[in-house]
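Fold and geometry: a report
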Number of protein chains: 2
Amino acid sequence: MSKEITSRAQDYSQWYNDLVIKGGLADYSAVRGCMVIKPYGFGLWENMRDVLDRMFKDTGHQNAYFPLFVPKSLFEAEEKNAEGFAKECAVVTHYRLKADPNHKGKLMVDPEAKLEEELVVRPTSEAIIWSTYKGWIQSYRDLPILVNQWANVVRWEMRTRLFLRTAEFLWQEGHTAHATKEEAMVEAEKMLHVYADFAENYMALPVIKGIKSPNERFAGAEETFCIEALMQDGKALQAGTSHFLGQNFAKAFDVKFSDKENKLDYVWGTSWGVSTRLIGGLVMAHSDDDGLVLPPKIAPLQVVIVPIYKGDEQKAMISHKVHGIMQQLKDLGIRVKYDDSDNSRPGWKFAQYEMQGVPVRLAIGARDLENNVVELARRDTKAKMTVGMDNIAYYIKTLLDEIQLHMFNKALAYRNEHITPANDWDEFVELLDSKTGFIAAHWDGTPETEEKIKELTKATIRCIPLDNPLEEGKCIFTSHPSTQRVLFARAY
Amino acid sequence: MSKEITSRAQDYSQWYNDLVIKGGLADYSAVRGCMVIKPYGFGLWENMRDVLDRMFKDTGHQNAYFPLFVPKSLFEAEEKNAEGFAKECAVVTHYRLKADPNHKGKLMVDPEAKLEEELVVRPTSEAIIWSTYKGWIQSYRDLPILVNQWANVVRWEMRTRLFLRTAEFLWQEGHTAHATKEEAMVEAEKMLHVYADFAENYMALPVIKGIKSPNERFAGAEETFCIEALMQDGKALQAGTSHFLGQNFAKAFDVKFSDKENKLDYVWGTSWGVSTRLIGGLVMAHSDDDGLVLPPKIAPLQVVIVPIYKGDEQKAMISHKVHGIMQQLKDLGIRVKYDDSDNSRPGWKFAQYEMQGVPVRLAIGARDLENNVVELARRDTKAKMTVGMDNIAYYIKTLLDEIQLHMFNKALAYRNEHITPANDWDEFVELLDSKTGFIAAHWDGTPETEEKIKELTKATIRCIPLDNPLEEGKCIFTSHPSTQRVLFARAY
Ligand SMILES: [Zn+2]
Ligand SMILES: [Zn+2]
């Protein structure tokens, strides 16, 4: 199996596609730009979703569900948001098909079933949600509203990549409403920390928390917080965003509340989201030329056991022993599979589970039974070791934690090695093409300069890190004065 | 609060809407026929979904995700299925909006961004899934495929009702592929039993398992199994369906497999689904004129505790005691809320939680503290009792089971009383308008007769029960010979 994967050095982009498809995470579909998430990939998403969902509930949020469609008149109400998404909207214009009189057995759109008002398939739900909140909010007693939604959204992207950029994707979108600016700002920052916690402690993905420059801000937001991760090819990936919306949507949809003194004011809002894009980031951050490497905490399978036997008698003896081990592992909450299928040989199975990134592989043969040991292989380091069968379950439980930590530390070391200061334009351009990664450089703070730098180098400002140290300097492009370095990178 | 609910006797339909909206389950939305599922309603759906999801996984299924859109050419491939859904399809025809030159600040569909091929928003996913399965299946080793999807679907219904019939709804759809007809048939029946188990043991909703007549069969299926429930107004509700698809979709999408002897054959299929419609059935089956009555196993909240106090000191003493009780309840896995808000009085809170169908309400006052007791009220029977505080958690745990069982038995008794035989046409018509419920009557087995009966009475054949006893008789409409009674009813 592993021979079929393109190596990173050969073609990074093809390596990624090979991993996603041959690793069983996703597949292309018959719909342009849309993908099928296969069971193994969806199992990964379920684990991620369950952790995030618990984190949202622990911070006081509840789930709800709002319509897939946004009537055009609502969609266009918040002008900046509408402008930001108008160019990539799937639009429903008709509500019926009919038999095509000219082609037997074929259907055509029924021209008589044209909608009076077109419906936009949600690219994000601020419009439909704030138009609903108007009916839910009268006074300060109705606030805050802390709601999250797990949903599919559609953005008609022209160039798509499995998980990283698809026309339809799955995500969660939190939409909160508050009585004060301060409370909304605290919420937006809180959710950024939740995302960072999730990325680092579950995905083993170190992230930089920061603020977006105006050019990269969410359309309709007053401030966008983000977490940025680094991929193995030195490109950055925006892994999650949390927006302080100010009163923009409240004003667009006329959502006011009366405070304790009976004064009317517009409501303050936030929204925040992460998507199946995270899976793309996970693949690119940790995997190697033999396949996926998945962090134990969210891996669909944490342990796979492969028997090595000649004949049914040996198989039966090994299986008997394995069932005991399986039970011990399950009792510790470990996700384990015993692959005793006769369809393929152990070597083929090894390659298959390596490809799928199962963190720990056990192999047990007749000799191992005699010696009361198992052969254990770690996916992340490829280390192999012989381990006694007694206490194997506790050994593995500890090992899974060690693997999780090791993956994070490895990614962190790589990331930290790839934050490099650049003090002038030549150095900046040179770094982008050689070392890659994040480049910490002075910027004059204007959208025009950021735009020019992007045109010339394809690098954008990924973020202005939270708690960024102040430092006097000169913009690498205009030499105008600057008070801090910001992080540039080429990005997915 | 409860005064605002229309009574069942006054207007059953308005009673239902009042419960859904004032009970906080759902709300109308700005999109025709689509609803907003509010946090309380979504919490209910989450509990239902989690139980079903575990049942699906315990029977060997995995989740996956397929595109929201179905290209028209795929949609029309299975002719009967296409014909069945063509009249209620939302169709995406364009992928971009642009500024409207004639209306400043408004958007319009960009005529230059017309799709080459229209996309149907999935009303069900057989087409997109079987077109995908073609790429996944080559040999018997690739079978069975046991996949489920949790998704939103759209059917452009003209007359909509909250939960019962909405243009967009949430559901799960299982789609399985098998090497033999027998295996597919076993799967379709197995999932019917899973649905019945869920309805009866979690929703406390007795159901009749049966087979649909050809008129009511799913478009594209060879056999449709269903569970049918009875509402308090004597109308039936189809609560879930499981379809044996034969080789229809395999033929439409050319999905073949080679068996062990290397012979090629088309794959056999099933599909099965339940939706947010179940919530409508739940509401109609159990609730009363004071509000919702929710079965403990899936109720978002199982217990609510309301303090009754004068002044902060009493409140503090009660709260201290309540926190201990809360912890005991939570330790037993019971979902409990303590409502100590000062915004409203105890009587108002009682009515509110009654409206929302919380199974058990506790009230604790200063006198109760002294006596070491709490006042307990059951939502289902409205019984009130004084209960000692020691062992209150275990008492409630047992009580929740008793309530669950009591609700089921009550609904079962009502349902059983409302299955009535009719031996001729006059009796049949008379029963439909007086006693209502299911009517067991002979039918000549022809679609024409069923259609005529429907036209005349609005009653349809809900199902031919599984294990239906054979009995010679004459069709109530045509007097032609019949071998068994089938169940007719007016239905949602
Ligand atoms: Zn290590
Ligand atoms: Zn009872």
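Residues numbered from 1 in each chain as written. Chains lettered and ligands numbered in written order. Predicted model: local features only at pLDDT ≥ 70, side-chain atom pairs only at ≥ 80, totals over all residues. Heavy atoms only, no water.

**Quick look at the coordination of the zinc ion (ligand 1)**
All names here are of chain A. Distances from the zinc ion (ligand 1) to its protein donors, Glu402 (OE) and His406 (ND1), fall within 2.3 Å. Here glutamate 402 and its partner histidine 406 are both found in helix H12 (residues 392–417), four residues apart, which amounts to about one turn of the helix. The exposure class of glutamate 402 is partly exposed, given its relative accessible area of 33%. (Donors = N, O, S within 2.8 Å, 3.2 Å for Na, K, Ca; no water. Helix = DSSP H or I, 4+ residues; strand = E, 2+ residues; numbered from the N terminus. Buried < 20%, exposed > 50% of the residue type's maximum accessible area, 1.4 Å probe, protein only.)

**Overview of the interface of chain B and chain A**
On the side of chain A, 65 residues touch chain B, which itself brings 65 residues to the contact. Here chain B packs against chain A, burying approximately 5,200 Å² in sum over the two surfaces, 68% of which is carbon and sulfur. Its largest share of buried area at the contact with chain A, chain B owes to Tyr65(B), Leu97(B) and Leu107(B), together 13% of the area lost on that side. Lys106(B) is paired through a salt bridge with Glu76(A); the nearest N and O atoms lie 4.0 Å apart. At the junction of chain B with chain A, the criterion picks out 30 residue pairs in polar contact (both at pLDDT 80 or more). Each residue belonging to the side of chain B that touches chain A can be placed in one class, and the counts come to 39 nonpolar, ten polar and 16 charged. As paired strands, strand E5 (residues 91–94) of chain A and strand E5 (residues 91–94) of chain B are joined by three bridges and run antiparallel to one another. (Contact = heavy atoms within 4.5 Å. Buried area = accessible area lost by both parts, 1.4 Å probe. Salt bridge = Lys/Arg side-chain N within 4 Å of Asp/Glu carboxyl O. Polar contact = N/O pair within 3.5 Å; in protein donor to acceptor, adjacent residues only side chain to side chain. Nonpolar A, V, L, I, M, F, W, Y, C, P; charged D, E, K, R; others polar. Pairing = 2+ DSSP bridges.)

**A short note on a negative patch on the surface**
Residue and element names in this part refer to chain A. Taken together, the side chains of Asp424, Asp426, Glu427 and Glu430 define an acidic patch exposed on the protein surface. With respect to the helices, strands and loops of the structure, aspartate 426 is situated in helix H13 (residues 425–433). Given the relative accessible area of 60%, aspartate 426 is considered exposed. (Patch = residues over 30% accessible without salt bridge, like charges linked within 9 Å, V, L, I, M, F, W, Y side chains within 5 Å. Areas by Shrake-Rupley, 256 points an atom, 1.4 Å probe, with all protein chains shown as cover. Lys, Arg positive; Asp, Glu negative; His and termini not counted. Charge placed at Lys NZ, Arg CZ, Asp CG, Glu CD.)

**Structural notes on the relation of the copies chain B and chain A**
With an axial shift of 0.0 Å and an RMSD of 0.0 Å, the rotation relating chain B to chain A amounts to 180°. The two molecules are tied by a two-fold rotation axis, judged by turn and shift. Ranked by how close their C-alpha atoms come to the rotation axis, the residues of chain B are headed by Val92(B), at 2.1 Å. In this assembly the copies share their binding face: 100% of the residues contributing to the interface of chain B also contribute to that of chain A. (Least-squares fit on C-alpha atoms with pLDDT ≥ 70 in both.)

**Structural notes on the coordination of the zinc ion (ligand 2)**
By definition of the ideal shapes, four donors in a tetrahedron about a metal sit 109.5 degrees apart, and six donors in an octahedron sit 90 or 180 degrees apart. Protein ligation of the zinc ion (ligand 2) involves Glu402(B) (OE) and His406(B) (ND1), the donor distances falling in the range 2.2 to 2.3 Å. Judged by its relative accessible area of 31%, His406(B) falls in the partly exposed class.

**A word on the packing of aromatic side chains**
Following the criterion strictly, the structure yields 38 aromatic pairs over all chains and no others. Measuring from ring centre to ring centre gives 6.2 Å for Phe244(B) and Trp268(B), while their planes differ by 15°; the resulting arrangement is stacked. Note that Phe244(B) is positioned in strand E13 (residues 236–246) and Trp268(B) in strand E16 (residues 268–275), a separation of 24 residues in sequence. Note on accessibility: Phe244(B) and Trp268(B) belong to one class, buried. The structure contains a cluster of three or more aromatic residues connected by ring pairs, namely Trp45(A), Phe56(A), Trp150(A), Tyr195(A) and Trp272(A). For Lys235(A), the ring lying beneath its charged end belongs to Tyr492(A), and the centroid distance is 4.4 Å. (Phe/Tyr/Trp six-rings, centres within 6.5 Å; stacked < 30°, edge-to-face > 60°. Lys NZ or Arg CZ within 6 Å of the ring centre and 35° of its normal.)

**Remarks on the nonpolar core**
Counting residues in hydrophobic clusters, the biggest one holds 98 residues, and the most contacted among them are Phe69(A) and Phe69(B). Ranked by size, the runner-up nonpolar core spans 66 residues in total, among them Phe163(A), Met191(A), Met231(A) and Leu282(A). (Core = buried A, V, L, I, M, F, W, Y, C linked by side-chain atoms within 4.5 Å.)

**Description of the UniProt feature "domain: Aminoacyl-transfer RNA synthetases class-II family profile" (unreviewed entry) in chain A**
Under the present numbering, the feature "domain: Aminoacyl-transfer RNA synthetases class-II family profile" (unreviewed entry) in UniProt falls on residues 30–295 of chain A. Secondary structure across residues 30–295 of chain A divides into 29% helix and 32% strand, with the first and last C-alpha atoms of the span separated by 31 Å. (UniProt positions renumbered as here; feature names shortened; annotations may be inferred.)

**Brief notes about the sheet that holds strand E18 (residues 336–338) of chain B**
Sheet strands line up and pair through hydrogen bonds in the backbone, either parallel or antiparallel. Residue and element names in this part refer to chain B. Here we have five strands laid out as an open sheet, ordered E18-E17-E19-E20-E21, and mixed in their pairing. Looking at strand neighbours, the two that pair on one side only are E18 and strand E21 (384–388), the edges of this open sheet. Taken pair by pair, the neighbouring strands of this sheet meet at an average axis angle of 25°, ignoring direction. Relative to strand E19 (residues 360–365), strand E17 (residues 303–308) is paired through six bridges, and the arrangement is parallel. In the sheet register, proline 307 faces E19, and the bridge partner there is isoleucine 364. (Axes fitted to C-alpha atoms, helices over the stretch in contact; angles between N-to-C directions.)

**Quick look at the packing of helix H2 (residues 39–58) of chain B against helix H8 (residues 277–286) of chain B**
Residue and element names in this part refer to chain B. In contact at an axis separation of 11 Å, H2 and H8 are set at 105° when each is read in the N-to-C sense. By the angle between their axes, H2 is roughly perpendicular relative to H8. The residues of H8 that touch H2, namely those facing Gly41, Leu44, Trp45 and Met48, are Leu278, Ile279 and Leu282. Considering only residue class, the contact of H2 with H8 consists of six nonpolar, one polar and no charged. (Parallel < 35°, antiparallel > 145°, perpendicular 65-115°, else oblique.)

**Describing the sheet that holds strand E4 (residues 69–71) of chain A**
With respect to topology, six strands assemble into an open sheet ordered E4(A)-E8(A)-E5(A)-E5(B)-E8(B)-E4(B), the strand pairing being antiparallel. Of all the strands in the sheet, just E4 of chain A together with strand E4 (69–71) of chain B have a single pairing partner and so form its edges. Neighbour to neighbour, the strand axes of the sheet diverge by 45° on average, direction disregarded.

**Details of the environment of Ile461(B)**
Tracing the sequence through the fold places Ile461(B) in strand E24 (residues 460–465). As for Ile461(B) and Phe438(B), which are separated by 23 residues in sequence, their C-alpha atoms are 9.3 Å apart.

**Describing the domain arrangement of chain A**
Often the size quoted for an interface is simply the accessible area lost on bringing the parts together. Residue and element names in this part refer to chain A. Per the domain assignment, the segments of chain A are domain 1 (2–92 + 124–286), domain 2 (303–402) and domain 3 (419–489). Distance between the C-alpha centres of domain 1 and domain 3: 26 Å. Across the contact, 20 residues belong to domain 1 and 18 residues belong to domain 3. Interface area, domain 1 with domain 3, both sides summed: about 1,400 Å², of which 62% is carbon and sulfur. Linking domain 1 with domain 3 are two salt bridges, by the criterion used here. Put simply, arginine 462 and glutamate 216 hold a salt bridge, and the shortest N to O gap is 3.7 Å. Counting across the domain 1 and domain 3 interface gives seven residue pairs in polar contact (both at pLDDT 80 or more). Elements that contribute at least two residues to the side of domain 1 that touches domain 3 include exactly helix H6 (181–201), strand E11 (208–211), strand E12 (223–230) and strand E13 (236–246). Element by element, the count of residues in the side of domain 1 that touches domain 3 is highest for E12, at five residues. (Domains from an automatic or database assignment.)

**Notes on the pattern of salt bridges**
Residues and elements named next belong to chain A. Under the criterion given, the structure shown has 46 salt bridges over all chains. Aspartate 289 is the salt-bridge partner of arginine 8, the closest N and O atoms lying 2.8 Å from each other. On the criterion of sequence distance, the pair formed by arginine 8 in the segment before helix H1 (12–22) and aspartate 289 in the loop between helix H8 (277–286) and strand E17 (303–308) is long-range, its members being 281 residues apart. Overall, the relative accessible area of 25% leaves arginine 8 in the partly exposed class. On the basis of relative accessibility, which here comes to 28%, the residue aspartate 289 falls in the partly exposed class. A salt bridge links aspartate 288 to arginine 379; the shortest N-O distance between them is 2.7 Å. Taken together, the residues span a long stretch of sequence, with aspartate 288 in the loop between H8 and E17 and arginine 379 in the loop between strand E20 (373–378) and strand E21 (384–388) at a distance of 91 residues. Across this residue pair, the class does not change: aspartate 288 and arginine 379 are buried. Each of Lys212, Glu216, Glu228 and Arg462 takes part in salt bridges that share partners, so that together they form one network.

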